[in-house]
Amino acid sequence: MRRVLSVTSECVPLIKTGGLADVAGALPAGLAGQGWQMRTLLPAYPGLTKRAGAKTAVFSFDDLMGGPSQVLAGDADGLDVLLLDAPHLYDRPGGPYGNPTDFPDNPLRFAALSLAAARIAAEGRGDGWRPEVLHAHDWQAGLAPTYLAQMDCTDVATVMTVHNIAFQGLAPAAMLGTMGLPLSVYTSEGLEYWGQISTLKAGLVHADAITTVSPTYASELMRSEFGMGLEGVVAARADRLSGILNGIDMEVWNPETDPQITPYSATSLRGKATNRKALMSEFGLSGLTGPLAIIVSRLTSQKGMDLVAATADQFVAAGGGLAILGSGDPLIEDQMRLLARNHPGKVGLRIGYDEALSHRMFGGGDVVLVPSRFEPCGLTQLYGLRYGTVPVVAATGGLADSVIHANTMAQSAGVSTGFQFHPIDEMALAQCLRSVITLFSDKSGWTRLQKRGMKQALGWEASSAAYAVLYESLIGEHNGAT
Ligand code: ADP
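Here the structure is a predicted model, which is why all the values come from computation and not from measurement.

Details of the site of the ligand
- The local shell around the ligand holds 18 residues, among which Lys16, Gly19, Arg298, Lys303 and Gly352 are the closest.
- At 2.6 Å, a backbone N or O of Gly19 approaches an oxygen atom of the ligand.
- At 2.9 Å, a side-chain N or O of Lys303 approaches an oxygen atom of the ligand.
- Protein coverage of the free-state accessible area of the ligand, which is 560 Å², stands at 91%.
- For the shell around the ligand, the leading source of residues is strand 13 (residues 292–299), giving three residues.
- Of the residues belonging to the shell around the ligand, the class tally is five nonpolar, seven polar and six charged.

Right, dumping it as structure tokens:
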């Protein structure tokens, strides 16, 4: 087996706040099918070493950013994990990044993760295992390629994956020394970003290859509307950039076996009607003549929740209903509360994070609404396809790459799988929702749309094959250079 070390701040089934955890958790199984052994390094947040039975130290540090630390090897439901046990950095209550506000030492906490990854890549674990590729995810692992370059390690290829360029890992320049980095890397061609350190920029500049989680987001990243100031940095490395669409875990998300719902399949959708009834009663909804739309999302402006608030009146007046699950920005949470209060029996809301409920929502919903302003890949539209819960999405990023819009031509050609709207504003969403309601009333047309979505190939096969090809080509370059 070829060897790759994945470096991430979250990973299913151990710790999750968003899509990054799903991707990091699913990639190893996909890559195993391609002949790659992926081991995953992440911080030992409270409880994780016990959960993963991680007892064997495979690497240790006398002092890693302020305290002794070790890397413990463990197993989480078949996932081969390496937990960075650094109590001074990770043994504290709150989420992985803090709660409710970020921990002030986050730049150091994740610089430590990146440094540990680079040391393992450069020196190998105590038992001799050493990766051929180091795969860094997002700003939290962004410094790993920089550290590796500082160690003069040239026989390990590096990949930087951007799951969301909005999070750039900014830190005061004064932290450079504490991070163990020389002044020579603090340049505009290096990790300096408007007078600060950006750990994401470090990864974008120093990794052998940059990937992001959909082809459309890859091209968007080079434009100022989406690049969030880093568009020039990405564009300068366009020849090293590619977009690989995420897959989903086809076992966890399977309407035929999902323990949360009455099972159904693309051959018979009868169970879905039962789930719809149960979901309506769970959310206190009744008397809908139109589609039941669901939202499972962080409640933030990125996710376009204000557009939902602005169009819900019309949607409800036309017979639609809304079941919303999410948490996030307090102001947007309040906006959603107001919406539910104004539409009793038609709009239901659960503030919080609830994986099991999210499964019941995909099982019972007619439509999943994803009106994001930008969306690197997005997973909920993919779950929607899998569950016959037709995605209605903004035409951006991975949403544009994974849903085929049901316009007249696509409908008659029999290829459509959902709805897209553009521009990403209230008028376009309202108009799109009107088309949704019209098609929903054509039962056989709607069922065909649902079934087509359910038959899409959404697993990790294609994506992991693309990562494997990328790894191989980078290793080839390194071998050619040495
Ligand atoms: P992002 O990573 O930007 O939040 P994604 O669509 O890529 O968005 O991934 C979000 C993941 O988190 C999905 O698996 C989604 O089902 C899940 N999720 C988001 N909010 C909730 C919630 N309130 N309860 C349960 N699952 C949620």
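Additional details are given in the paragraphs that follow.
Regarding the nonpolar core
- In this structure, Leu41 and Met179 are the most contacted members of the largest nonpolar core, which totals 79 residues.
- The dominant element in this core, judged by the number of residues it contributes, is helix 4 (residues 106–123), at eleven residues.
- Of all hydrophobic cores here, the second largest spans 67 residues; its members include Val296, Ala309, Val368 and Trp446.

Topic: the pairing of strand 11 (residues 209–212)
- Residues Ala209 and Thr211 line one face of strand 11 and the alternating positions Ile210 and Thr212 line the opposite face, and both faces are buried.
- Relative to strand 11, strand 7 (residues 157–162) runs parallel, the two sharing four bridges. By the bridge assignment for strand 11, Val159 is matched with Ala209.
- Relative to strand 12 (residues 241–243), strand 11 runs parallel, the two sharing three bridges. Opposite Ile210, over in strand 12, you have Leu241 as the bridge partner.

Digging into the pattern of salt bridges
- Under the counting rule described, the total for this entry stands at 19 salt bridges.
- In this structure, the salt-bridge partner of Glu472 is Arg2, at a minimum N-O distance of 3.0 Å. Taken together, the positions of Glu472 in helix 19 (residues 461–481) and Arg2 in strand 1 (residues 2–7) put the pair 470 residues apart, joining distant regions of the chain.
- On the basis of relative accessible area, Glu472 is assigned to the partly exposed category, the value being 36%.
- Using a relative accessible area of 27% as the deciding quantity, one classes Arg2 as partly exposed.
- Close ionic contact of Asp22 with Lys16 constitutes a salt bridge, the shortest N to O distance being 2.9 Å.
- For Asp22, a relative accessible area of 17% translates into the label buried.
- With relative accessibility at 23%, the residue Lys16 sits in the partly exposed group.

So, the sheet that holds strand 10 (residues 196–198)
- The strand order across the open sheet formed by three strands is 8-10-9, and the pairing between neighbours is antiparallel. Looking at strand neighbours, the two that pair on one side only are strand 8 (170–172) and strand 9 (192–193), the edges of this open sheet.
- Of the strand pairs in this sheet, strand 9 and strand 10 are connected by two bridges, and their pairing is antiparallel. In the sheet register, Tyr193 faces strand 10, and the bridge partner there is Gln196.
- Sheet strands touched by helix 6 (residues 199–206): strand 9 and strand 10. Its angle to strand 10, the strand with the most contacts, is close to 55°.

Details of helix 12 (residues 330–342)
- The terminal C-alpha atoms of helix 12 lie 18 Å apart, and with 13 residues this matches the ideal 18 Å at 1.5 Å per residue to within 8%.
- Looking at helix 12, one finds that the buried residues are Ile332, Glu333, Met336, Leu339 and Ala340. Viewed end-on, helix 12 has its buried residues packed into an arc of 115°, placing them on one side of the element. Facing away from the buried side of helix 12 by more than 90 degrees, the exposed set consists of Pro330, Leu331, Arg341 and Asn342.
- Contacts from the buried residues of helix 12 go to strand 13, helix 11 (305–317), strand 14 (321–328) and strand 15 (347–351).
- With a side-chain oxygen lying 2.9 Å from the backbone nitrogen of Leu331, the N-terminal cap of helix 12 falls on Asp329.

Notes on empty space enclosed by the protein
- Enumeration over the complete set of coordinates arrives at two cavities of 30 Å³ or more.
- Of the voids in this model, the largest cavity is the one considered here, and its volume is about 40 Å³.
- Around the largest cavity, the lining residues are Val308, Thr311, Ala312, Phe315, Leu322, Leu369, Leu429 and Leu433.
- Going through the elements one at a time, helix 11 and helix 17 (426–440) are the ones with two or more residues in the lining of the largest cavity.
- Its residues assigned to classes, the lining of the largest cavity comprises seven nonpolar, one polar and no charged.
- Lining of the second largest cavity is provided by Asn106, Pro107, Phe110, Ala111, Ser114, Trp139, Gln140, Leu143 and Thr199.

Reading the values: rules and limits
- Residues numbered from 1 in each chain as written.
- Predicted model: local features only at pLDDT ≥ 70, side-chain atom pairs only at ≥ 80, totals over all residues.
- Heavy atoms only, no water.
- Near = heavy atom within 4 Å.
- Polar contact = N/O pair within 3.5 Å; in protein donor to acceptor, adjacent residues only side chain to side chain.
- Areas by Shrake-Rupley, 256 points an atom, 1.4 Å probe, with all protein chains shown as cover.
- Helix = DSSP H or I, 4+ residues; strand = E, 2+ residues; numbered from the N terminus.
- Nonpolar A, V, L, I, M, F, W, Y, C, P; charged D, E, K, R; others polar.
- Core = buried A, V, L, I, M, F, W, Y, C linked by side-chain atoms within 4.5 Å.
- Buried < 20%, exposed > 50% of the residue type's maximum accessible area, 1.4 Å probe, protein only.
- Pairing = 2+ DSSP bridges.
- Salt bridge = Lys/Arg side-chain N within 4 Å of Asp/Glu carboxyl O.
- Contact = heavy atoms within 4.5 Å.
- Axes fitted to C-alpha atoms, helices over the stretch in contact; angles between N-to-C directions.
- Expected span 1.5 Å × (residues − 1).
- Arc of directions from axis to C-beta.
- 1 Å grid on protein atoms, 1.4 Å probe; cavity = no way out; pocket = protein on both sides within 12 Å on 5 of 7 lines; lining within 4 Å.
- Points joined across faces, edges and corners; volume = space filled by probe spheres on them.

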